[in-house]
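Next come the chains, spelled out residue by residue.
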Amino acid sequence: MNLQLTLAARYLAGRKLRTALTTLAIIFGVLLIFGMNTVLPTMMAALQANVQGAEGEVDFSITNVTGEAFPAGVLDRLRDVDGVRAMAASLNRTINLPPDYVDGDPSHPDTVIAINLIGVVPEEARSLRAYPVAAGRYLDESDTASAVISQTLADAFSVDVGEIFRLPAASGMTGLTVAGILPADIMPGNEEVLVNLPQAQLMTEEPGKVNLIELNVEAFADQARRAEIQAAVEAALGESYQVGTLMAGDEMFAAMEMGQMALSLFGVLALFMGGFIIFNTFRTVVIERRRDIGMLRALGATRRTVLGTILAESLIQGLLGSVIGLLLGYLLAVGIIQVARGPISMFVNVQMGAPVFSPVLVVVSLLLGVGVTVLAGLIPAWNASHITPLEALRPSLGEGEFNRGAGRGFTVGVAIIVLTAAAILSGQAALIIPGGILFLVGLVLIAPAMVRPFASLFGKLTAWATVRGGIGGLAESNLTRQPARVAVTASASMIGLAVIVAAGGLVSSLTGTLYDLMQDNLGSDYLFIPPSIGLWSSNVGASPSLAEDLRQVDGVEAVSTLRFAATNTNGVAVSLLGIDPVSFDQVSGLDFIEGSESAYGEIAAGRNMIANGSFLLSTGTKVGDTVELLTTDGKVPYRIVAAGSDLLNAKVTTAYISQSNLQADFGSTEDVFIQLNLSPGADRAVADAQIKALAYDYPQFRVISGADYFASIKSQMDTAFSAIYIVFLVLAFPSLIAMLNTLTIGVLERTREIGMIRAVGGTRKQIRNMVVVEALLLAAIGTAFGILGGLYLGYVFVTGIEVIFPLGYFFPYTGILAAVAIGLIFGVLAAIIPARQAARMDVVAALRYE
Amino acid sequence: MSLVQTQNLTKIYGSGSTAVTALDHVNIKIHDGEFVAIMGPSGCGKSTLLHLLGGLDTPSSGKVFIDGASLAEMRDDRLTELRRRRIGFIFQFFNLIPVLTASENAALPVTLDGLKPAEAAAKAKEWLARFGLGERLSSRPDQLSGGEQQRVAIARALVAEPSLILADEPTGNLDTRSGDEIAGLLRSVSKQYNRTIIMVTHDPRIAAYSDRIIFLKDGKVVDETLLEKKSNRNAQIVADRVKEVGD
Ligand SMILES: Nc1ncnc2c1ncn2[C@@H]1O[C@H](COP(=O)(O)OP(=O)(O)OP(=O)(O)O)[C@@H](O)[C@H]1O
Ligand SMILES: [Mg+2]
């Protein structure tokens with residue numbers, strides 16, 4: 001064996017713990033790359049499925065060209081089509097109910113005049129849509145005459161779970177037991193009655209038939225891929241079937257693209273982190289071995305020999321670590337999917353098979369693992385080859401040289417951070433987005449210089465906390481003695497924790513924005529919903545007396561109504577909504593793009609209006625402009641005082657004016673949509689009865705509880721995002737390894753010194769405390785940096801998405817708390833092994849340690 | 001001609017107010033086969049001089065010539081080869097590679113030079129045996145005593161049969177008898193094989209084995225004393241000289 005290999009093997013074998021730790025770092029790097037990339041697509045697909053399911057949107061719906069039912073077996077023709085994530089066949093029939101069927105009162109028109117009977121295969125249907133039953137249970141394969149219905153239908157029929165309601169059917173009157181009740185749906189359309197497919201076939205006398213197949217395509221399919229899948233579906237079905245694409249809209253695509261970008265970004269971060277840990281280890285290896293290397297150089301070893309020795313070592317470890325990392329990564333993927341399977345398929349039946357062992361990914365991971373290891377080893381190896389023989393004789397110059405490098409790095413780092421901060425202030429997405437990675441790089445660069453002040457700051461804290469330990473100062477100086485290594489470790493933990501904070505920022509901003517929007521628009525206690533939302537002109541409204549009566553109900557705090565008039569400006573059709581500026585603000589609210597709540601006062605004051613985004617876009621106007629609106633008496637000028645929108649009208653060209661102006665200029669006094677809130681102390685049961693009694697005379701409205709609806713959507717969203725949190729947690733794990741690695745190496749490196757401290761009377765406890773305090777300092781530095789980096793990164797994500805979807809930045813308090821907790825816990829965990837090792841060290845052996 | 005020569009050799013560490021002048025215009029000449037001892041108080045620049053002579057460090061000004069060639073003009077590769085083939089080092093501290101055995105450590109210079117492992121091991125064994133370590137060939141440094149480690153380091157310095165041996169306190173870790181043995185051995189190597197040896201020592205008794213003693217003080221050569229061969233009074237002469245120069 002040649003000298004390089006001998007030395008590499010001896011060093012590896014001689015420092016078993018350190019070798020194990022380095023290999024562990026590589027294992028973790030590869031494990032992350034491989035495991036995450038195996039599991040992330042599955043998780044993201046699950047997330048997408050959940051969001052899609054909650055929204056109730058499907059990608060393709062297939063019907064027979066004749067519109068007739070077709071054999072259920074047709075579904076099987078699609079089984080082999082590539083790119084289909086989930087599909088379900090169903091039998092949908094509208095059942096018109098005889099007059100007064102529901103309430104039996106001839107003097108009063110029914111709220112429900114027809115229902116949609118839907119026969120489904122329960123688990124199949126649940127793979128496309130969420131059925132978040134609020135009471136009872138979802139359908140079961142073995143159910144026969146059981147149904148799942150909405151709260152509004154249950155109210156109309158006055159039935160509860162376990163009770164029976166009857167429907168007229170082709171097969172005659174059929175009693176169905178209510179198995180479960182879904183929250184009221186705000187979407188327009190007939191009430192749905194969900195039964196098992198055979199039951200529906202029985203009731204409609206269409207045995208073995210279905211009339212609709214719906215399917216969702218794989219996650220992240222772009223337009224071209226969708227077209228390809230659609231073509232494949234059409235080919236599999238033949239001429240007699242047509243495929244309708246209920247396009248989920250561009251926002252969905254944009255969101256998916258963001259998802260994919262985030263995916264690759266996390267892959268890169270994982271790699272970065274793995275590389276960091278390995279780099280850190282080899283750096284310390286080189287520092288630790290300066291004397292040996294210097295000695296070799298003094299004895300005539302060439303630079304190439306030295307370089308070769310270190311590279312041989314990294315190659316051996318890279319190979320070993322990568323192979324183990326692959327195996328563990330696969331197990332990790334299996335594990336995560338096992339754990340996540342339950343929560344993630346709570347609402348939508350997401351099929352998550354075993355992770356795919358993709359050969360390409362295996363090769364890529366191996367190459368990356370070995371490649372990154374050798375690369376990470378390269379800089380230290382190159383440094384090693386430039387160690388002068390003098391290092392053997394006067395060891396210590398290394399850090400001095402480094403400090404000069406750190407000074408330069410610091411300047412560059414500060415410059416980068418200033419630039420990226422300026423990017424944030426500029427508010428330009430094009431600048432902010434690339435700023436994310438740059439900011440992290442900047443932090444990495446200034447890290448070495450920050451170690452000393454940070455350590456002394458936190459050191460003072462710990463010294464204050466452990467006044468009598470007499471060891472806090474030692475821990476602090478241990479850190480400041482090796483600012484480079486501490487900086488690299490802190491950087492590695494920083495990236496891990498930054499990911500958590502960033503993810504927290506992203507998720508809290510996403511959900512926060514969404515929840516805020518829903519809460520504002522639909523979160524009121526009661527909603528009176530007309531048959532069609534958005535297309536207001538087709539609705540029959542109610543006279544103002546209904547709202548007035550509602551206001552009189554005991555416990556009702558505020559009532560807000562929408563009134564409608566159609567108009568146009570310069571040939572663009574505009575949906576004009578009249579709001580009561582005072583009560584609207586109390587019960588509902590707009591999402592302002594430009595301007596604020598003070599605009600409500602302005603629209604009350606004169607011919608002023610609030611326009612939504614679609615209005616501004618289609619009329620080419622901006623806030624401050626005055627537009628002419630067409631009335632029966634000619635044109636009247638309205639000034640746009642603010643831009644804002646609500647969820648229900650976001651896609652319709654809409655302007656909001658005061659109800660008094662609507663009445664004066666457009667003559668409209670009909671309420672088409674009513675929202676009301678109860679006062680906090682109200683007797684809900686009494687109020688509920690009175691409100692429903694009043695609503696009885698207005699069957700054009702469906703009355704639902706917005707709060708319940710909101711809660712149901714929220715729990716579905718929370719479920720969807722829980723999966724993402726699991727993934728991020730795993731991503732944070734390498735920071736633990738990084739800290740463990742640094743601390744252990746730190747202890748090894750100081751073996752002699754620790755022996756000396758023990759020899760002059762230091763107790764085991766003092767030594768242990770020293771290592772633990774050091775670990776906590778290290779963790780504190782990493783956490784502080786991680787939070788900074790994470791905040792920026794999160795902001796970047798949000799800004800990125802904001803380009804497509806209006807999203808507010810929500811400060812990720814949970815993410816930060818999680819990062820702090822994880823940082824500290826990891827700090828202590830990382831200290832356990834090295835602290836024990838240091839405390840148990842045999843004094844004599846330690847003093848002999850070279 | 002002289003094998004080793006310096007010309008106004010100066011080494012200044014640091015700069016400004018913290019500058020330390022370790023060597024100050026040192027001019028010495030050492031001849032082929034000469035055994036020279038360098039003495040002087042701690043911190044006077046002995047180690048620094050040795051490092052410069054071996055091309056391990058670069059002078060602030062002045063030159064070192066070996067066999068008439070200036071080290072300053074050599075590139076790293078040439079210098080490395082010179083160290084490997086022509087110079088043997090014995091250092092004051094930190095001598096051995098901890099993961100290699102005594103025999104592997106001693107064989108390093110020839111292994112690095114590309115000698116076959118078996119031959120390298122044979123050479124190392126031969127030298128180790130001369131120093132009484134024939135039985136400890138496969139011991140690791142941490143299994144050897146300080147003196148034994150030092151002897152391995154000396155074997156390593158001699159194994160490539162270099163023409164110049166630079167020894168920094170080679171007997172610092174040894175008891176009187178072993179110290180005498182090593183010094184005697186260095187002397188016999190010098191005489192038998194015509195090797196030039198430059199040895200730093202504090203010990204007048206060890207210095208007495210040399211042909212000439214150069215006294216350094218504050219980075220300057222302050223005295224040179226030629227010693228007669230095989231004189232029992234040499235140790236006493238050196239001790240007196242040390243007192244005179246002012247330790
Ligand atoms: N890297 C350095 N930076 C600054 N000063 C140095 C450095 N190395 C050596 N010195 C100083 O240079 C002077 C000479 O050092 P040198 O090691 O050559 O002394 P020495 O004669 O070998 O001493 P000793 O007998 O104690 O080994 C000393 O004053 C020392 O402090
Ligand atoms: Mg010295």
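Before reading further, recall that the structure is shown in the block above.
Residues numbered from 1 in each chain as written. Chains lettered and ligands numbered in written order. Predicted model: local features only at pLDDT ≥ 70, side-chain atom pairs only at ≥ 80, totals over all residues. Heavy atoms only, no water.

All names here are of chain A. Here helix α6 (residues 223–237) is 15 residues long and its end C-alpha atoms lie 21 Å apart, about the 21 Å a rise of 1.5 Å per residue gives. Those residues of α6 that fall on the buried side of the exposure criterion are Arg225, Arg226, Ile229, Val233 and Leu237. Burial along α6 is one-sided: seen end-on, the buried residues are contained in an arc of 105 degrees. Seen from the open side of α6, the exposed residues pointing more than 90 degrees away from its buried face are Ala224 and Ala235. In the segment just after α6, glycine 238 is the residue with positive phi, at about 90 degrees. (Helix = DSSP H or I, 4+ residues; strand = E, 2+ residues; numbered from the N terminus. Expected span 1.5 Å × (residues − 1). Buried < 20%, exposed > 50% of the residue type's maximum accessible area, 1.4 Å probe, protein only. Arc of directions from axis to C-beta.)

A separate point is the pattern of salt bridges. Throughout the structure, instances matching the rule amount to 32 salt bridges over all chains. Note that A:Arg639 and A:Glu602 form a salt bridge whose closest N and O atoms lie 3.9 Å from each other. Of this pair, A:Arg639 sits in strand β19 (residues 634–645) while A:Glu602 sits in helix α18 (residues 598–605); the two residues are 37 residues apart in sequence, bridging distant segments of the chain. Several salt bridges share partner residues, and in doing so they unite B:Glu81, B:Arg84, B:Arg85 and B:Asp113 into one network. (Salt bridge = Lys/Arg side-chain N within 4 Å of Asp/Glu carboxyl O.)

Let us look at the nonpolar core. Membership of the largest hydrophobic core comes to 44 residues, with the highest contact counts inside it found for A:Leu7, B:Leu49, B:Ile97, B:Leu108, B:Leu164, B:Leu166 and B:Ile198. If one sorts the elements of this core by residue count, helix α1 (residues 46–53) of chain B sits on top with four residues. When residues no more than four places from it in sequence are discounted, the contact partners of B:Leu108 are A:Leu3, A:Leu296, A:Leu299, B:Ile97, B:Leu100 and B:Arg156. A:Ala69, A:Val74, A:Ile229 and A:Tyr241 belong to the second-largest nonpolar core, a separate cluster that totals 43 residues. (Core = buried A, V, L, I, M, F, W, Y, C linked by side-chain atoms within 4.5 Å. Contact = heavy atoms within 4.5 Å.)

As a further point, take the site of ligand 1. Residues and elements named next belong to chain B. Ser42, Gly43, Lys46, Ser47 and Thr48 are the nearest of the 13 residues found near ligand 1. Between an oxygen atom of ligand 1 and a side-chain N or O atom of serine 47, the distance comes to 2.7 Å. Expressed as a share of its isolated accessible area of 630 Å², the protein-covered part of ligand 1 is 70%. Of all the secondary structure elements, the ones that give two or more residues to the shell around ligand 1 are β2 (20–26) and α1. Residues that form the shell around ligand 1 fall into these classes: four nonpolar, seven polar and two charged. (Near = heavy atom within 4 Å. Polar contact = N/O pair within 3.5 Å; in protein donor to acceptor, adjacent residues only side chain to side chain. Areas by Shrake-Rupley, 256 points an atom, 1.4 Å probe, with all protein chains shown as cover. Nonpolar A, V, L, I, M, F, W, Y, C, P; charged D, E, K, R; others polar.)

Contacts between chain B and chain A engage 30 residues on the former and 25 residues on the latter. Contact between chain B and chain A buries roughly 2600 Å² in total, counting both sides, with carbon and sulfur atoms accounting for 64%. Here chain B is connected to chain A by two salt bridges. Taking the shortest distance from any N to any O, the salt bridge between B:Asp76 and A:Arg303 comes out at 3.5 Å. Run the count over chain B and chain A and you get six residue pairs in polar contact (both at pLDDT 80 or more). (Buried area = accessible area lost by both parts, 1.4 Å probe.)

This part covers the packing of aromatic side chains. Residues and elements named next belong to chain A. Counted according to the given criterion, the structure contains six aromatic pairs over all chains. Ring centres of tyrosine 131 and tyrosine 138 lie 5.3 Å apart, and the angle between their planes is 20 degrees; on these two criteria the pair is classed as stacked. A residue is classified by how much of its surface remains accessible, and tyrosine 131, at 13% relative accessible area, is buried. You can call tyrosine 138 buried: its relative accessible area is 11%. Ring geometry for phenylalanine 157 versus phenylalanine 165: centroids 5.2 Å apart, planes at 35 degrees, classification tilted. Judged by relative accessible area, phenylalanine 157 falls into the buried class, the value being 15%. (Phe/Tyr/Trp six-rings, centres within 6.5 Å; stacked < 30°, edge-to-face > 60°.)

A few words on a nonpolar patch on the surface. All names here are of chain A. Taken together, the side chains of Ile825, Val828, Leu829, Ile832 and Ile833 present a nonpolar region at the surface, about 430 Å² in accessible area. Secondary-structure assignment places valine 828 in helix α25 (residues 813–840). Valine 828 gets classed as partly exposed once you look at its relative accessible area, which sits at 41%. (Patch = residues over 30% accessible without salt bridge, like charges linked within 9 Å, V, L, I, M, F, W, Y side chains within 5 Å.)

Residues and elements named next belong to chain A. Along the chain, serine 658 falls in strand β20 (residues 654–658). For serine 658, a relative accessible area of 2% gives the class buried. Engagement of the side chain of serine 658 in a polar contact is seen with the backbone nitrogen of asparagine 661, the distance being 3.2 Å. Setting aside anything within four residues of it in sequence, one finds serine 658 in contact with Gly578, Ile579, Pro581, Ile603 and Ala604.

With that settled, the discussion passes to the sheet that holds strand β10 (residues 212–217) of chain B. Residue and element names in this part refer to chain B. With mixed pairing, six strands are arranged side by side in an open sheet as β7-β8-β9-β4-β10-β11. Pairing within the sheet leaves two strands with one partner each, and these edge strands are β7 (87–90) and β11 (220–226). Neighbour-to-neighbour, the strand axes of the sheet open up by a mean angle of 15 degrees, direction not taken into account. Both strand β4 (residues 35–39) and strand β9 (residues 196–200) contribute to a ladder of four bridges, which runs parallel. Residue pairing across strands places isoleucine 38 opposite valine 200, the latter belonging to β9. Packed onto the sheet, helix α5 (residues 146–159) meets β7 and β8 (164–168) and runs at close to 170 degrees relative to β7. Lying over the sheet, helix α6 (residues 176–193) contacts β4, β8 and β9, oriented at roughly 140 degrees with respect to β4. (Pairing = 2+ DSSP bridges. Axes fitted to C-alpha atoms, helices over the stretch in contact; angles between N-to-C directions.)

This paragraph deals with the packing of helix α3 (residues 102–112) of chain B against α5(B). All names here are of chain B. Close contact between α3 and α5 brings their axes to 7 Å; oriented N to C, the two are set at 25 degrees. In terms of orientation, α3 and α5 fall into the roughly parallel class. Viewed along their axes, α3 and α5 form a crossing whose handedness is right-handed. Listed contacts from α5 to Ala102, Asn105, Ala106, Leu108, Pro109 and Val110 of α3 are Val152, Ala155, Arg156 and Val159. (Parallel < 35°, antiparallel > 145°, perpendicular 65-115°, else oblique. Left-handed = near helix turned anticlockwise from the far one by under 90°.)

These figures come from the coordinates and say nothing about function on their own.
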